[in-house]
Amino acid sequence: MSELGFWRNPPGHGFWSSWLLTKDHKRIGVMFFIATAVALALGGIFALLLRIELLTPERTIMGAHAYDEMFTLHGVVMVWLFMIPSIPTTFGNFLVPIMIGARDVAFPRLNLASFYVYVAGAIIVLCGLVLGGVDTGWTFYAPYSTTTPTKVAIVAGGVFVLGISTIMTGINFIVTVHTMRAKGVTWMRMPLFVWAIYATSIIQVLATPVLGLSLALVGADHIWNLGLFDPQLGGDPVLFQHLFWFYSHPAVYIMILPAMGVISEVVPTFSHNRPASYRWIVLSSIGIAFVGFLTWGHHMFVAGMSRFDAGMFGILSMLVAIFSAIKVYAWTSTFRKGRITFTTPLLYVLAFMFLFVFGGMSGVAVATSSLDVHWHDTYFVVAHFHFVMVGGTLTGYLAAIHYWFPKVTGRMYPDKWGIVASAGVSLGFVFTFLPQFLLGNAGMPRRYWSYPPQYQWLHVASTAGATVLALGMILTLTYVLVAFFHGPPAGDNPWRSRSFEWRTSSPPPEENFDQIPQLTRGPYDYGEDDA
Amino acid sequence: VGAAAREAIVNELFHTLLYLPPQASSVSREIDYLHYVVIGSAMAGAFGVTIALVYFFLRYRDRPGVRRKAVRTHESMTFENVAAALTLSLFLGFWVVGFRQYSEIRTPPPDASRVYVIAKQWMWEYAYPGGMTTQDELRVPVGEPIELVMTSRDVIHSFYVPAFRLKQDVVPGRMTILWFTATEPGVYDVFCAEYCGNGHSRMRGAIRVMPRDEYARWIAGTGTEDLASAGERIAADKGCLRCHTVDGSPHIGPTWKGLYDAPVRIAGGGTVRADDAYLTESMMDPMAKIVDGFQPVMPSYLGQLSGPEAGAIVEYIRSLRSNP
């Protein structure tokens, strides 16, 4: 077995062809990682420009139109180019086959195709940017989106293409999990990360077509003036919101479930303890995947909705929240009576839990219909979804990078720098968005380029927090890159984890295993022969 | 200290800590009380979990030299499931109270007086029962239920009054309803909360909550004010002063200072005298004679201004002439 594992070019292939034409799920995962990390950097730069503009109540660095395009791009890039694909296509791709004892995913060619479709979608979206931008917000609300002269059809088309990539990856994982598990990997012995990716894939396959449909209709309406959502031509603008949120509410679970899966792996490893309840963590993932489809109307409490509908969507939203609460209790209890080693991934777990619990409870708050009437479309909502969705996904993503870095590269990063950077990222994140909760309470609407001066000090505080967050991210990028090329060898299992992916060498060889392992135990059997 | 005083102190404390706007409608205080409980629970949950984690991290940290077996040999979630059940009851409690308040917000009382609201990019227009209209500033009497019947001329807007804790989308092709009873006289922010394009953040207005007798005088149009000050008020209400200054500086339109009876150069050649006839024509048919050097952007006020209102504005412009 090579020391370089899958990183070494197979004999007879050049560097570029061996990567760009690879069907190895690990290499495809690495390529997705690079692409989505570039998207994260782009989205982050857009965010910083927005924060700088908001330092003063009037023009700071850009005009109203540039600002409108900037927040649209920030949303589109972060949602569809980073948060939705990031964890499934990178860590999911890399780890799911290894975790279930398979040599690859079920459809390796489809996997590579999904990567190129993603790249094509990303290029189309960025073409829309170069050709003049789009100013609708990532939500594309009609009839503004069907009447604005900006490049709605191109960007909506790009997102449509990205959706195809999402569906391809989702189908691939579902089939892989159903058909490729090694002997001994029963459903209830699957690692929790695999369960999370599986639940995510179900949502991806069921919800994404609805997004594709709605954006195709908006694009067609924009080009040919069909009037589907335009009341002047007999259409209905609120219909678009139902279609959009029917996808986009489940989409927030597409973003957060994989991060929950990461947390479910990191917690047992660093507490050297069984999860408090494997079964409840699995069931809550499935529960979220299904009940999450029935709550979309809570985005529309003030859009013009019957009281009955508002009541039903409200109570279903409370039910979906309880699944997340169960997970939080299970993770927290897992640490009790464990043997805890404190490392960078664990600090990210701590940040995840704070952001996710407060962000999630603020979600319960905005699902409380009378409170939502005040908060809807204010910075409170912005702060809420950044805490729970971005905070959850980003800390989960960073925990995954630090936890599986030795698995993927065979090298180790400096844990001290990791802890410094994660403290910067976490505190920066909290101080970016806490002021925004208060801005929302005070009534500051979102998507405002200029604002009344009473809100200024909170905007300045938020921008200061964003600066710390950015520095933490740059520090992370720096030491991760240095460690990738020069880090000391990590050994096959530096965390002494009992999870399945650590049973093969780090980095794993080309087809993952010399021999397919026979598993006779679960992935979290700590405490038996583990003194 | 009595219960009411205690309640006022607690209310003031949380209201300030949470940076909430004034409580100026009949529902804002009860909504804030629910807000305090919900956000308090969120804080307690987030800090509770974080503190529990930090405690576990310290208490059960892996000490070198201390060999201790991890003890969990089977899964048990009894404690956690009880906690989850209690959490769910808490959430359902929020839902019950929240939904009751939501129903109240959404049900206008039968005796509410109506104001019609038209939103368009990027302004608010209000039409009152007596036929009076205003732009950007909505005037209402204190202590009386008001029902706004709203629609949009173009894209979706949202009528938002933070001090009232109320918001309702204003949708083209539909009528939507928002009702409130203002409890404190004063002037409160109105924001457009639904993104509506380039001027979205400029689509801000105000609600002027007036004492009842003052409102009654205003709506009857029989104030004690003279004609020129009536003209000033109408010019402000109708948005004239957003484009025309009264201090001599040119803006989007020509200034009104010193305009009356002065010679005006017309685009395309010629000069007219800015007399009553020209000023009235400029309000009703602005494109007829554009002042040289200005863009032809002024909307027609035909049907927007009554005869007496147009007369009052002319009188106001006359009061700004250079040689009185």
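This text gives an overview of the structure that appears in the document.

Rules of the game
- Residues numbered from 1 in each chain as written.
- Chains lettered and ligands numbered in written order.
- Predicted model: local features only at pLDDT ≥ 70, side-chain atom pairs only at ≥ 80, totals over all residues.
- Heavy atoms only, no water.
- Helix = DSSP H or I, 4+ residues; strand = E, 2+ residues; numbered from the N terminus.
- Rg over C-alpha atoms; globule rule 2.2 N^0.38 Å.
- Buried < 20%, exposed > 50% of the residue type's maximum accessible area, 1.4 Å probe, protein only.
- Contact = heavy atoms within 4.5 Å.
- Areas by Shrake-Rupley, 256 points an atom, 1.4 Å probe, with all protein chains shown as cover.
- Axes fitted to C-alpha atoms, helices over the stretch in contact; angles between N-to-C directions.
- Parallel < 35°, antiparallel > 145°, perpendicular 65-115°, else oblique.
- Left-handed = near helix turned anticlockwise from the far one by under 90°.
- Nonpolar A, V, L, I, M, F, W, Y, C, P; charged D, E, K, R; others polar.
- Expected span 1.5 Å × (residues − 1).
- Pairing = 2+ DSSP bridges.
- Phe/Tyr/Trp six-rings, centres within 6.5 Å; stacked < 30°, edge-to-face > 60°.
- Salt bridge = Lys/Arg side-chain N within 4 Å of Asp/Glu carboxyl O.
- Buried area = accessible area lost by both parts, 1.4 Å probe.
- Polar contact = N/O pair within 3.5 Å; in protein donor to acceptor, adjacent residues only side chain to side chain.

### Observations regarding the overall build of chain A
1) Next: A count of helices and strands for chain A gives 16 helices and 0 strands.
2) Next: Radius of gyration (C-alpha) of chain A: 23 Å, near the 24 Å computed for a compact globule of 531 residues.
3) Next: If you line up chain A on its principal axes, its C-alpha atoms span 65 × 50 × 45 Å.
4) Next: Within chain A, the proportion of its 531 residues that are buried is 68%.
5) Next: For chain A, long-range pairs separated by at least 24 residues make up 82% of all intrachain contacts whose partners lie at least 6 apart in sequence.
6) Next: Carbon and sulfur atoms make up 71% of the accessible area of chain A, which totals about 16900 Å².

### Focus on the packing of helix 8 (residues 192–224) of chain A against helix 9 (residues 237–271) of chain A
Residues and elements named next belong to chain A.
1) Next: Running from amino to carboxyl end, helix 8 crosses helix 9 at an angle of 160°, the nearest separation of the two axes being 8 Å. With respect to their mutual orientation, helix 8 and helix 9 come out roughly antiparallel. In the packing of helix 8 onto helix 9, the handedness of the crossing is left-handed.
2) Next: Its residues assigned to classes, the contact of helix 8 with helix 9 comprises 23 nonpolar, 6 polar and 1 charged.

### Points about helix 3 (residues 78–105) of chain B
Within an α-helix, residues lying three or four positions from one another point in the same direction, as the helix has 3.6 residues per turn.
1) Next: Its 28 residues place the ends of helix 3 of chain B 40 Å apart at the C-alpha level, agreeing with the 40 Å of an ideal helix rising 1.5 Å per residue.
2) Next: For helix 3 of chain B, every residue scored as buried is listed here: Glu80(B), Ala83(B), Ala84(B), Thr87(B), Phe91(B), Phe94(B), Trp95(B), Gly98(B), Gln101(B), Tyr102(B), Ser103(B) and Ile105(B).

### Some remarks on unusual backbone geometry
Among all residues save glycine, negative phi is the norm, and among peptide bonds the norm is trans.
Residue and element names in this part refer to chain A.
1) Next: Between Ala142 and Pro143 the backbone carries a cis peptide bond, its omega angle lying at 0°.
2) Next: Residue Pro507 is bonded to the preceding Ser506 through a cis peptide linkage, with omega at -5°.
3) Next: Turning to its location among the elements, Pro507 is positioned in the segment after helix 16 (456–486).
4) Next: Residue Lys337 is not a glycine yet carries a positive backbone phi of 60°.
5) Next: Looking at the secondary structure, you find Lys337 in the loop between helix 11 (307–335) and helix 12 (344–367).

### Looking at the sheet that holds strand 8 (residues 176–181) of chain B
All names here are of chain B.
1) Next: Within the open sheet, the 5 strands sit side by side as 3-2-1-5-8. Their pairing is mixed. Of all strands in the sheet, those bounded by a partner on one side alone are strand 3 (133–135) and strand 8. Each strand axis lies, on average, 25° off the axis of its neighbour in the sheet, ignoring direction.
2) Next: Looking at chain direction, strand 2 (residues 123–127) and strand 3 are connected through 3 bridges and run antiparallel. Bridge assignment links Tyr126 to a residue of strand 3, and that residue is Thr134.

### Overview of the packing of aromatic side chains
Residues and elements named next belong to chain A.
1) Next: Using the criterion set out here, one finds 69 aromatic pairs over all chains in the structure.
2) Next: Taking the centre distance of 5.2 Å and the plane angle of 90° together, the rings of Phe32 and Phe115 count as edge-to-face. Here Phe115 lies in helix 5 (residues 108–130) and Phe32 lies in helix 2 (residues 25–53), a separation of 83 residues in the sequence. Here Phe32 matches Phe115 in class, with each residue buried.
3) Next: Between Phe229 and Phe240, the ring centres sit 5.4 Å apart and the planes meet at 70°, which makes this aromatic pair edge-to-face.

### Some details on the environment of Leu316(A)
Residue and element names in this part refer to chain A.
1) Next: Summarising the element assignment, Leu316 is placed in helix 11.
2) Next: Separated by 56 residues in the primary sequence, Leu316 and Met260 have C-alpha atoms spaced 21 Å apart.
3) Next: The contact partners of Leu316, leaving out residues within four places of it in the chain, are Val291, Leu294 and Thr295.

### Details of the pattern of salt bridges
All names here are of chain B.
1) Next: One pass over the full model with this rule turns up 21 salt bridges over all chains.
2) Next: We note a salt bridge from Arg139 to Glu137, for which the minimum N-O separation is 3.0 Å. As far as burial versus exposure is concerned, Arg139 and Glu137 are alike and both buried.
3) Next: The residue Lys289 makes a salt bridge to Glu281 at a minimum N-O spacing of 3.1 Å.
4) Next: Because the salt bridges share partners, they merge into one network encompassing Glu137, Arg139, Arg208, Arg233 and Asp237.

### Overview of the packing of helix 12 of chain A against helix 15 (residues 415–441) of chain A
Residues and elements named next belong to chain A.
1) Next: It is at 8 Å that the axes of helix 12 and helix 15 come closest, and there the two elements cross at 10°. With respect to helix 15, the element helix 12 is oriented roughly parallel. Here helix 12 and helix 15 pass one another in a crossing that is left-handed. Counting all contacts with helix 12, which are made through Thr344, Leu347, Tyr348, Ala351, Phe354, Leu355, Phe358 and Ser362, the residues of helix 15 involved are Asp415, Gly418, Ile419, Ala421, Ser422, Ala423, Val425, Ser426, Phe429, Val430 and Phe437.
2) Next: Of the residues contributing to the contact of helix 12 with helix 15, the split by class is 13 nonpolar, 5 polar and 1 charged.

### Comments concerning the interface of chain A and chain B
1) Next: If you look at the interface, chain A gives 100 residues, while chain B gives 85 residues.
2) Next: Taking both partners together, chain A and chain B bury about 8000 Å²; carbon and sulfur atoms supply 65% of that area.
3) Next: Taken together, the connections running from chain A to chain B amount to 4 salt bridges.
4) Next: The closest approach of N and O atoms between Asp62(B) and Arg339(A), which form a salt bridge, is 3.8 Å.
5) Next: One can count 29 residue pairs in polar contact (both at pLDDT 80 or more) joining chain A with chain B.
6) Next: In terms of residues, the side of chain A that touches chain B owes the most to one element, helix 11 of chain A, which gives 18 residues.

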